[in-house]
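Observations on chain architecture
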Amino acid sequence: MNEDIRIHSWPCSYYLDTSKQWIPGKLSLTPVSIKFTADKTGELLVDFHLSGISEIKKESSHLIFSSLTILEKSTKHWFSSLHPNRNVVFNILEHFWREQLLSSREAGAGAALESSKGKELTGMLEGSQKRLEDTAKVLHSQGEQFDNIMRGLHKIEGDMDVADRLLTELESPSWWPFSTKLWKTPLEAKPKESSAAPDPETQEGVLLRIPVIITHRTDSSAKPGKLTLLPSGLEIEDCNSQLLHRFESRDVDDIRVHTPYEISVRQRFIGKPDTSYRLLAARMPEAIPILEMQFSKKIQFLEDALGFAGGAGKSPRADLGASIWQAATGFLGAAVNPGLPAGSAEGTDKEQVQLQKISQEEAKELRQILKKLKGLALETEAELERQDEALDSISSSVDRATLTIDRQNRRMRKLT
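Bear in mind the structure is a predicted one, so any value in this text is a computation, not a measurement.

Digging into the overall build of the protein chain
Along the backbone of the protein chain there are seven helices and 15 strands. The proportion of buried residues among the 416 residues of the protein chain is 36%. Pairs at least 24 residues apart make up 51% of the contacts formed inside the protein chain by residues separated by at least 6 positions. For the protein chain, the accessible area works out to roughly 25,600 Å², and carbon and sulfur atoms hold 53% of it.

Here is the structure:
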C-alpha cells in the first residue's frame, strides 16, 4: 500500500563494484526500503529492505572521503557526495532503520507472512480503536480544562460579590450621620468555600511521544530528537531530552503535512523571523490524527499527503474510516454468506477461489472490537454534550462578570 511512497531522496554517488566506478544518481528512502537510481540510464542499481540492513556507518579513507556505508546481509554499499551533507542522510536513514527494527520485533519474527483478510481487518479496526481512545483522552483533558475555567469563574464571581459589598460600604459608610447603617458592625470575613488550588497530582498527560528528526531553519541541521503531544500543545526535545521549543495551542499558526511521515509547525511573528520546525518520523502517521483533531482549523494537507490519503481534498482520517467500514461491510457479508464474494457481486471463478474468508473466531473478535468502538463513540458523544453545556455556562458567566465589572467601575468613578 504505502511501500512505494518516497519519504526522502538525496543526490549522491554510488560505488558500483562490478565496474569499479562511481555512478551519480539519487538515493531514495521509502517506509520499508532503500533504493538508488542512476541519473543517466535511470536503472535501479540498489533496492533492499530496511529489515535486511545490519549496519549503517559514516566512514572515510584516503580514497573515499566523507562516505556513508550500509551493510546489507554480506554486501557493503558505499555512498558519497551526499547532499545536503552526510550527517543529515545518516540521521534520517538510521532513524527509519531503528524504527523498522523495533516494529518488526514487536510484531514478532516470522509474523510477516501473508495474513488473512480477517486479521487484516482486525488490525485496521484496532488502529481505529486506538485513534478513538486517543481522541477520548484529548476530550477528557479538554473537559478538565473547562472545569478549571468554571472554578475560576466561580471564584471571580465570589470576589466581585465581596467588591460589591465594599463599594456599598464606601458609598454609605457606617460613621456617616445620615447613613441607614449607623450602627452597622464591620462585615465578618466570610470563609471562602473553594480556593480552587491547583492539584499537583493532576498534571497534564502525555498523549503521544515519538522519536523524530528535527530540522530548524536549514536542511543541514537535521538532528534526532523527540516530539511530545500534550492536550495544551506540543514540545520538541533533542536527543538528550533537553527542551528545544514548546508550542502552546494558541501559539501555533499553521501545521503543514508534507507527507504521511513529515510535518512542519510554524509560529508567526511581526518584526522578527518566524519560529518553524520541520519534523520527520517513521511513527508520524500515529501523530497526524491527534494533530488533526487538536488543530483542525490550522492543519493543512499538502498534495503528497492528500495523494497518500486516497484523493485530493479529502481528509486522511475520513478516508481511513470510509475504507474501514467499506471493508467491514464486505468482509462481514462474506462471513455471513460464504457463497458470496466480499467485494463486488461479479468476479471470475479464479477470483472467487482466491477469495479469503473470515473464520468464526475472527468474526467474534471483530464483533467485540465493534462493540468497544460503539461504547467509545457513545462516551465521546456524552462528553461532547457535557462540554457544550459547560461552554454555554462559561459564556453566560463571562457575560455576567463583564456587566458586573462595568457597573462596579462606574461606581468607583463616582467615589473618586
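Notes on the side chain of glutamate 235
For glutamate 235, the position within the fold is in strand S10 (residues 233–238). Only 2.6 Å separates the side chain of glutamate 235 from the side chain of arginine 246, close enough to count as a polar contact. Apart from residues no more than four positions distant in its own chain, glutamate 235 is found in contact with Lys226, Leu227, Thr228, Leu230, Leu243, His245 and Arg246.

Regarding the sheet that holds strand S15 (residues 299–301)
What the eight strands build is an open sheet, ordered S11-S10-S9-S8-S14-S13-S12-S15; its pairing is mixed. The open sheet has two free edges, formed respectively by strand S11 (243–248) and S15, since each of these has just one partner strand. On average, each strand axis in the sheet is tilted by 30° relative to the strand beside it, whichever way the strands run. The pairing of strand S8 (residues 208–216) with strand S14 (residues 275–280) spans four bridges and is classified as antiparallel. Pairing of histidine 216 across the sheet is with tyrosine 277, part of S14. Strands in contact with helix H3 (residues 284–294) are S8, strand S9 (223–230), S10, strand S12 (254–259), strand S13 (262–267), S14 and S15; relative to S8, the strand with the most contacts, it is inclined by about 90°.

A few points about the pairing of S9
Two elements, S8 and S9, share seven bridges in a ladder whose sense is antiparallel. Counterpart to valine 212 in the pairing with S9 is glycine 225. Hairpin remark: S9 followed by S10, antiparallel, with two residues in the connecting loop.

Remarks on the confidence of the model for the protein chain
For the protein chain, the mean per-residue pLDDT works out to 76, and 73% of the residues sit at or above 70. Here residues 180–202 is a poorly scored stretch, pLDDT under 50, and it has 12 contacts once near neighbours within four places are set aside; other chains count.

Comments concerning the pattern of salt bridges
What the rule picks out here adds up to 15 salt bridges. In this structure, arginine 98 and glutamate 94 form a salt bridge, with 3.1 Å as the shortest nitrogen-oxygen distance. Of this pair, arginine 98 and glutamate 94 both sit in helix H1 (residues 86–107), separated by four residues, roughly a single helical turn. Residues glutamate 157 and arginine 400 are paired through a salt bridge, measuring 3.1 Å at the closest nitrogen-oxygen approach. In this pair, glutamate 157 sits in helix H2 (residues 117–171) while arginine 400 sits in helix H7 (residues 360–415), placing the two residues 243 residues apart along the sequence.

Some points on the nonpolar core
Note on soluble globular proteins: their nonpolar side chains tend to be buried together. Residues Leu27, Leu29, Ile34 and Leu93 are the most contacted members of the largest nonpolar core, which totals 28 residues. Contacts of leucine 29, omitting those with residues within four sequence positions, involve Ile5, Arg6, Ile7, His8, Trp10, Ile34, Leu50, Ile92, Leu93 and Phe96.

Thoughts on the packing of aromatic side chains
The final tally for this structure, using the stated rule, is six aromatic pairs. Their ring planes at 40° and their centres at 5.2 Å tell us that tyrosine 14 and phenylalanine 79 sit as a pair that is tilted. Within this pair, whereas tyrosine 14 is found in strand S1 (residues 8–16), its partner phenylalanine 79 is found in strand S7 (residues 75–80), the two being separated by 65 residues in sequence. According to the relative accessible area criterion, phenylalanine 79 is buried, its value standing at 0%. An aromatic cluster is built from Tyr14, Phe36 and Phe79, whose rings are joined through pairwise contacts.

What about a positive patch on the surface?
Taken together, the side chains of Arg407, Arg410, Arg413 and Lys414 present a region of like positive charge at the surface. Within the secondary structure layout, arginine 413 lies in helix H7.

Observations concerning the environment of histidine 140
For histidine 140, the location among the structural elements is in helix H2. When the C-alpha positions of histidine 140 and threonine 380 are compared, they lie 8.9 Å apart, and in sequence the two are 240 residues distant.

A word on the sheet that holds strand S3 (residues 33–38)
The strand order S4-S3-S2-S1-S7-S6-S5 describes an open sheet built from seven strands, whose pairing is antiparallel. Taken across any chain shown, the strands that pair with only one partner, and hence form the sheet edges, are strand S4 (44–49) and strand S5 (53–59). Strand-to-strand twist of the sheet, defined as the mean angle between neighbouring strand axes without regard to direction, takes the value 30°. In this sheet, S7 lies alongside S1 in antiparallel orientation, the contact comprising two bridges. Of the residues in S7, the one forming a bridge with tyrosine 14 is phenylalanine 79.

Side note on unusual backbone geometry
Following histidine 83, the chain continues into proline 84 via a peptide bond in cis, with omega recorded as 5°. The backbone of lysine 73 sits at a positive phi, close to 55°, despite the residue not being glycine. Summarising the element assignment, lysine 73 is placed in the loop between strand S6 (67–72) and S7. We classify lysine 73 as exposed; its relative accessible area is 64%. Even without being a glycine, serine 81 presents a positive backbone phi close to 55°. Relative to the helices and strands, serine 81 is located in the loop between S7 and H1.

Examining the side chain of glutamine 100
By the secondary structure assignment, glutamine 100 is in helix H1. The exposure class of glutamine 100 is buried, given its relative accessible area of 16%. In this view, glutamine 100 contacts Pro31, Val32, His49, Leu50 and Ser51; residues no more than four positions away in its chain are not counted.

The rules we used
- Residues numbered from 1 in each chain as written.
- Predicted model: local features only at pLDDT ≥ 70, side-chain atom pairs only at ≥ 80, totals over all residues.
- Heavy atoms only, no water.
- Helix = DSSP H or I, 4+ residues; strand = E, 2+ residues; numbered from the N terminus.
- Buried < 20%, exposed > 50% of the residue type's maximum accessible area, 1.4 Å probe, protein only.
- Contact = heavy atoms within 4.5 Å.
- Areas by Shrake-Rupley, 256 points an atom, 1.4 Å probe, with all protein chains shown as cover.
- Polar contact = N/O pair within 3.5 Å; in protein donor to acceptor, adjacent residues only side chain to side chain.
- Pairing = 2+ DSSP bridges.
- Axes fitted to C-alpha atoms, helices over the stretch in contact; angles between N-to-C directions.
- pLDDT = per-residue confidence, 0-100.
- Salt bridge = Lys/Arg side-chain N within 4 Å of Asp/Glu carboxyl O.
- Core = buried A, V, L, I, M, F, W, Y, C linked by side-chain atoms within 4.5 Å.
- Phe/Tyr/Trp six-rings, centres within 6.5 Å; stacked < 30°, edge-to-face > 60°.
- Patch = residues over 30% accessible without salt bridge, like charges linked within 9 Å, V, L, I, M, F, W, Y side chains within 5 Å.
- Lys, Arg positive; Asp, Glu negative; His and termini not counted.
- Charge placed at Lys NZ, Arg CZ, Asp CG, Glu CD.

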